[in-house]
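# Descriptive structure summary
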Amino acid sequence: MIDLDRGRYWDEAWNPVTGCSPVGAVCERCWARALVRRAPKLHGPGPFEHPRLHDDRLSAPSRRRKPTVFAVCWLGDLFHERVPDAWIQRALDAISSTAAVRSHGHTYLVLTKRRHRLVDWGNRLRAAQALVPGLWIGVSAWDGVSLAGATSALAAAGVQRTWLSVEPLITDPGPQDEIAQALESTVGQVVLGGETGPGGRTMQPSWVRRIRDACRTAGVSFFFKGWGARCPRAELRESLRELPLDETYDPVALVLTPRGLRTIDGETHDDLAWHRTCRSCAHVIFDTTTHVAFCNTCENHRNWHPKENS
Ligand code: SF4
């Protein structure tokens, strides 16, 4: 389930496609490949680099009655070159079939690094979004070039409810005003995070601040997932209070990130466009920008209007 303290912004992974091949240096430490290596049943027989289509998993969202934020094909890429068009359509049909059941209220986070194929699917994705208000279309970015490419692809596809997963950010994302310009009127949500695990590539604090501030300028929801392997020492100020702050203390030095640390300049950033709470009962509602969100728990949910809550 969603666990903001741990930087988790979705409830359940839904993997009708597993397996993927690298698109570049960003994939060097692919966590999906590492996970499948530890738990081969998640993918089944055959190498991870050959995507597998799991017929038996297509109906999973329709069987789940509780409104759920699904991470779609997190163990692969729905738009991988080896995934046939007909299969992508079947996955979209499975998503669309849940729209008829209002109590589902599911949210789907589609994410791809194959942005060119996403553009080809623009019309069909728009048709699915017209049926499913909780369908979010996302593209991955990891540096300035991919960020510009991702926003251009989303604009070219003409889809609504768009998001960027900037994770892991491994290179300079470029000037702040250019980032803001690229995000404005194209992207609804940015999720940013560094590369985790031993040897994770360092994400410089100045890059993080530029993306955070660009989101503010462009009016885009910003969720900071975490620093990854290293963070600025100043972010540890709470725990460092216990330690002597002598002349060797350097607040900008990068140190190993302690578990659970998700602050930038002492602040957390948990703004998620698809995850907001009901004003009446504080339970989570599943917001959509087309205002059909509702609260399953609170008796006043019929009077609730997401615009007032945003
Ligand atoms: S695109 Fe994603 S899933 Fe595919 S190899 Fe790269 S990191 Fe892994």
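Residues numbered from 1 in each chain as written. Predicted model: local features only at pLDDT ≥ 70, side-chain atom pairs only at ≥ 80, totals over all residues.

### Considering the overall build of the protein
Scanning the protein from N- to C-terminus turns up 10 helices and 13 strands. The buried share among the 310 residues of the protein stands at 41%. Here the analysis covers contacts within the protein between residues at least 6 apart in sequence; of these, 77% occur between residues at least 24 apart. (Helix = DSSP H or I, 4+ residues; strand = E, 2+ residues; numbered from the N terminus. Buried ≥ 20, exposed ≤ 12 C-beta atoms within 10 Å, placed from the backbone. Contact = placed C-beta atoms within 7 Å.)

### Comments concerning the environment of Ala-155
With respect to the helices and strands, Ala-155 occurs in helix H6 (residues 144-157). Through-space distance from the C-alpha of Ala-155 to that of Val-187 is 8.7 Å; in sequence the pair is 32 residues apart.

### Overview of the site of the ligand
Lining the immediate surroundings of the ligand are Cys-20, Ser-21, Pro-22, Val-23, Cys-27, Cys-30, Ala-32, Arg-33, Gly-76, Asp-77 and Lys-113. When grouped by side-chain class, the residues that make up the shell around the ligand number six nonpolar, two polar and three charged. (Near = placed C-beta within 6 Å. Nonpolar A, V, L, I, M, F, W, Y, C, P; charged D, E, K, R; others polar.)

### Concerning unusual backbone geometry
Geometrically, the link from Glu-167 to Pro-168 is a cis peptide bond, its omega value of 0 degrees lying close to zero. Even without a glycine there, the phi angle at Cys-73 is positive, about 55 degrees. Its place among the elements puts Cys-73 in the loop between strand E4 (69-72) and helix H3 (85-97). With 27 C-beta atoms packed within 10 Å, Cys-73 lands in the buried category. One non-glycine residue with positive phi stands out, namely Asp-265, at about 50 degrees. Here Asp-265 shows up in the loop between strand E11 (254-256) and strand E12 (276-277).

### Structural notes on the packing of H3 against helix H5 (residues 122-131)
Direction vectors running N to C along H3 and H5 enclose 15 degrees, while the axes themselves pass 9 Å from each other. Overall, the two elements H3 and H5 adopt an arrangement that is roughly parallel. Classified by chirality, the crossing of H5 by H3 is left-handed. Residue-level contacts link Gln-89, Leu-92, Ile-95 and Ser-96 of H3 to Arg-124, Ala-128 and Leu-131 of H5. (Axes fitted to C-alpha atoms, helices over the stretch in contact; angles between N-to-C directions. Parallel < 35°, antiparallel > 145°, perpendicular 65-115°, else oblique. Left-handed = near helix turned anticlockwise from the far one by under 90°.)

### Notes on the sheet that holds E4
The seven strands lie next to each other as E1-E4-E5-E6-E7-E8-E9, forming an open sheet whose pairing is parallel. One side of each edge strand has no neighbouring strand; the edge strands of this open sheet are strand E1 (12-14) and strand E9 (221-226). With strand direction ignored, the average angle separating the axes of adjacent strands in the sheet is 25 degrees. Relative to E4, E1 is paired through three bridges, and the arrangement is parallel. (Pairing = 2+ DSSP bridges.)

### Some words on the pairing of E9
Counting buried positions along E9 gives five out of six residues, so the element sits mostly inside the fold. Here five bridges tie strand E8 (residues 189-193) to E9, and the two strands are oriented parallel to one another. Looking at the pairing, Val-190 lines up with Phe-222 of E9. Assessed by its sense of winding, the connection that carries the chain from E8 through helix H8 (residues 205-218) to E9 is right-handed. (Right-handed = clockwise from strand over helix to strand, strands pointing away.)

### Focus on the confidence of the model for the protein
Residues with a pLDDT of 70 or more make up 84% of the protein, whose mean pLDDT is 86. Mean pLDDT values over the elements of the protein span from 36, in helix H10 (residues 306-309), up to 98, in strand E2 (residues 17-18). Segment residues 286-294: pLDDT under 50, and 27 contacts once partners within four positions in sequence are set aside and those in other chains are kept. Counted against residues more than four places away or in other chains, residues 299-310, with its pLDDT under 50, gives 17 contacts. (pLDDT = per-residue confidence, 0-100.)

### Let's talk about the nonpolar core
In summary, soluble globular proteins display a tendency toward joint burial of nonpolar side chains. Formed by 69 residues in total, the largest nonpolar core has its most connected members in Leu-78, Tyr-108, Leu-109, Val-166, Val-190 and Ile-211. Aside from chain neighbours lying at most four places away, what touches Leu-78 is Val-17, Val-72, Cys-73, Val-83, Ile-88, Ala-91, Val-110 and Thr-112. (Core = buried A, V, L, I, M, F, W, Y, C linked by C-beta atoms within 7 Å.)

### Section: H3
An α-helix turns once per 3.6 residues; consequently, residues spaced three or four apart project the same way. Here H3 contains 13 residues, and its C-alpha end-to-end distance of 18 Å stays within 8% of the 18 Å for a straight helix at 1.5 Å per residue. Among all positions of H3, only Ile-88, Ala-91, Leu-92 and Ile-95 are buried. Looking down the long axis of H3, one finds its buried residues gathered within 95 degrees of arc, a one-sided arrangement. Seen from the buried face of H3, the exposed residues on the opposite side, beyond 90 degrees, are Ala-86 and Asp-93. (Expected span 1.5 Å × (residues − 1). Arc of directions from axis to C-beta.)

### What about H5?
For H5, the full list of buried residues reads Leu-125, Ala-128 and Gln-129. Take H5 and look down its axis: the buried residues cluster within an arc of 100 degrees, on one side only. The outward face of H5, more than 90 degrees from its buried face, is lined by the exposed residues Asn-123 and Ala-127. Tucked inside the fold, the buried residues of H5 contact H3, strand E6 (135-141) and H6.

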